[in-house]
Amino acid sequence: MPAAQASPAPAKALSEPQKALRKLGLARDIDLALHLPIRYEDETRITKLRDAHGGESVQIEGTITDNHVAFRPRRQLVVTIDDGTDTCVLRFFSFYPSQQKALAVGNRILARGELKGGLVGWQMVHPTTRAAGGDLPTALTPVYSTVAALPQAYLRKAVQAGLSRADLRETVPPEFAARLGLRSEWSLREALQFLHHPGPDTSMAALEDRSHPAWQRLKAEELLAQQLSQLQSKRERDRLRAPALPARPQGLHEQLLQALPFALTAAQRRVGEEIARDLALAVPMHRLLQGDVGSGKTVVAALAATIAIDAGWQCALMAPTEILAEQHFRKLVGWLEPLLAPHGLGVAWLTGSQKKKERDAMLQRIASGEAALVVGTHAVIQDQVQFRRLALAIIDEQHRFGVAQRLALRSKMGAESAEAGVEREPHLLMMSATPIPRTLAMSYYADLDVSTIDELPPGRTPIVTKLVADSRRDEVIERIRAQLAQGRQVYWVCPLIEESEALDLTNATATHEALSTALPGVLVGLLHSRMPPAEKKAVMSLFEGGQMGVLVSTTVIEVGVDVPNASLMVIEHAERFGLSQLHQLRGRVGRGAAASACVLLYAAGENGRLGEAARARLKAMAETADGFEIARRDLEIRGPGEFLGARQSGAPLLRFADLATDTQLLQAARDLAPVLLDRHPEWAQRHTARWLGGKSEYLKA
Ligand code: ADP
Ligand code: MG
């Protein structure tokens, strides 16, 4: 991050909500102004029960006529209110004594929530309530995405303050506004003011599907910022040089191909050639290799490494978790050591949990250049690691790395690579199993070339995917028993509970206990992200060795593990996962010859049903095994904010625009970006600074 953008040291300690604001990336006034509501609540009017329809979200006002605690089917506070036209029952499954008091018989209150009509009359489950009286607001009430430490009311004030202070002058020169589809009546200021506080008569539909002109304004500006920033980094990169690594005939590359126990698929050959072509040039490669889980990206990476090594350079491969790095290491050692040993070269291994002695030895091998390939976790980019001549950096599961880490890899070329007067950086190959439809990737990533493996190696057994309601857990356990009886192994994945690692853990621990009890005589293991690496390793090796029948885990197994004997995966609370994430998880089974299955356990909501969108998503999982198709459906159902790695990286690339529907805006932004950079660089600079702030640096990697 450039020094000018670093924030000054805080004068005094930050309060909890202030810390939470920072954590959400809401540091500057403009960040707050651009933190738009995820939805709105209409507190501007009161609906009479007589005129209401079931399923509507409404606000009602009435007098409390009954208040009691019921114990069946669950302990709950039951409050009845009468609005003069009808009565409505309010149910609270968790409540405080203070709440009970506020809802005493005779009190007059406002209650807001989803109204359910039933045979027994109107009901609301967990409505928001407050004492009646006072004026109703004149605009819709914004609801912002937040975290537990940051109450909605605090955030609303902070956003309002940010909005009033932020510099909202236009950053697109007026003569270009029309080309971007910007309408003069919706300046950025007007658009933001409107979106934070829309009037009560605004069409909710136009707000929700973001077709409203105010939304269009924001999306166009956002896309322009992304395109500008990527184009800028592309231009910077184009000035850099990298070692040219031409493939040598009869070299290590050929030898590895011959030594492999399988033939490459056509897709692997094609992407291999694309990479080899890039490596042969003296311009740094910046390529994304995407391919479905199990499509065989590792061997493509290994082949790229052989080209670099053959040309006399070193290669680094970085994976997000220790387990994954270690699997890569073992596989690559198996493939490459026999070929490297005759040349006095080898493969080195670096992780955070290594003993100092082993680590020092590895660092020595890396510095001397004897380690032609270095495999590891983040440890690979730490300061003490000095390469002799690094020419190729490969990053697996790139979305899991912060961009700062990618940038660090680029600065590790080593002393011997210095060349007078030119700036150089290694070739960069990023791998991802979260595919993005190719055309989308091409138009979005102005700064990235994309290679796609669109074919799986032959002979895979398809995985059968089933949706099962959580209430049928016993049947699932029966199924596990049957698999174990056949000598197979089972994964049980517990969901990520957002914002709460501690809860994750409680839940996984409880499941682990329940399964241990239900399956006497079976070794049931537990793996979660907070375990020390040595313990993780011990659990993994028991599972890999086959002694452990069931592995209960949080999503730490998401990437990489390869246990061909595992034939069943149960994913608990599948509705809480993203589709692509489910797809990746599912890819952990079906790696051997055995018929494999994936059970998606879902928990129904209070009303006993799974929501419409959740159902559509899970159905998509059961219907297709094609990662690209799943990515497309994910895009349709949820929009691309999540899709472009928002979930995984925590730093969404696009917050507002939707690549699936905003293709025209994207195209306009893509066309305008070079014009703006050439003719009005200072406007362009202000625009990216506003939208990306410190983050623009990150987009370059
Ligand atoms: P991913 O793309 O998910 O990283 P991997 O590289 O781990 O996939 O490959 C999955 C498995 O398929 C590995 O066991 C690998 O050795 C094997 N494999 C890769 N390419 C082929 C091929 N062309 N034919 C048969 N098996 C292959
Ligand atoms: Mg992989």
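Residues numbered from 1 in each chain as written. Chains lettered and ligands numbered in written order. Predicted model: local features only at pLDDT ≥ 70, side-chain atom pairs only at ≥ 80, totals over all residues. Heavy atoms only, no water.

## Some details on the sheet that holds strand S19 (residues 550-553)
Working step 1: One open sheet holds the six strands; their spatial order is S16-S21-S20-S17-S19-S18, and the pairing between them is parallel. Each of the sheet's edge strands pairs with one partner strand only, and the pair in question is strand S16 (463-469) and strand S18 (524-527). Taking each pair of neighbouring strands and ignoring which way they run, the sheet shows an average axis angle of 20°.
Working step 2: Here strand S17 (residues 489-493) runs beside strand S20 (residues 566-571); their pairing, made up of five bridges, is parallel. Its bridge partner lying in S20, tyrosine 491 is registered against methionine 569. (Pairing = 2+ DSSP bridges. Helix = DSSP H or I, 4+ residues; strand = E, 2+ residues; numbered from the N terminus. Axes fitted to C-alpha atoms, helices over the stretch in contact; angles between N-to-C directions.)

## Overview of the packing of aromatic side chains
Working step 1: Per the stated rule, a full pass over the model turns up five aromatic pairs.
Working step 2: Where tyrosine 491 meets phenylalanine 543, the ring centres are 5.0 Å apart and the plane angle is 55°; that geometry is what we call tilted. One end of the pair, tyrosine 491, is in strand S17; the other, phenylalanine 543, is in helix H18 (residues 533-545), with 52 residues separating them in the sequence.
Working step 3: Through a chain of ring-to-ring contacts, the aromatic side chains of Trp215, Phe656 and Trp691 assemble into a single cluster.
Working step 4: For the cation-ring pair, arginine 389 lies above tryptophan 313, with the distance from its terminal atom to the ring centre recorded as 4.0 Å.
Working step 5: For arginine 686, the ring lying beneath its charged end belongs to tryptophan 683, and the centroid distance is 5.2 Å. (Phe/Tyr/Trp six-rings, centres within 6.5 Å; stacked < 30°, edge-to-face > 60°. Lys NZ or Arg CZ within 6 Å of the ring centre and 35° of its normal.)

## Details of the site of ligand 1
Working step 1: Not every one of the 16 residues close to ligand 1 is listed here, only the nearest: Ala263, Gly294, Lys297, Thr298 and Arg460.
Working step 2: Within the backbone of alanine 263, a nitrogen or oxygen atom sits 2.8 Å from a nitrogen atom of ligand 1.
Working step 3: Lysine 297 is positioned such that a nitrogen or oxygen atom in its side chain is 2.8 Å from an oxygen atom of ligand 1.
Working step 4: Across the complex, the protein chains shield 82% of the 570 Å² of accessible surface that ligand 1 would expose by itself.
Working step 5: Residues belonging to the shell around ligand 1 are distributed by class as follows: five nonpolar, six polar and five charged. (Near = heavy atom within 4 Å. Polar contact = N/O pair within 3.5 Å; in protein donor to acceptor, adjacent residues only side chain to side chain. Areas by Shrake-Rupley, 256 points an atom, 1.4 Å probe, with all protein chains shown as cover. Nonpolar A, V, L, I, M, F, W, Y, C, P; charged D, E, K, R; others polar.)

## A short note on the side chain of threonine 511
Working step 1: In this structure, threonine 511 sits in helix H17 (residues 501-518).
Working step 2: Note on threonine 511: relative accessible area 5%, which makes it buried.
Working step 3: Side chain to side chain, threonine 511 and glutamate 572 meet in a polar contact 3.5 Å long.
Working step 4: With residues near it in sequence (within four places) discarded, threonine 511 still touches Trp492, Cys494, Val552 and Glu572. (Buried < 20%, exposed > 50% of the residue type's maximum accessible area, 1.4 Å probe, protein only. Contact = heavy atoms within 4.5 Å.)

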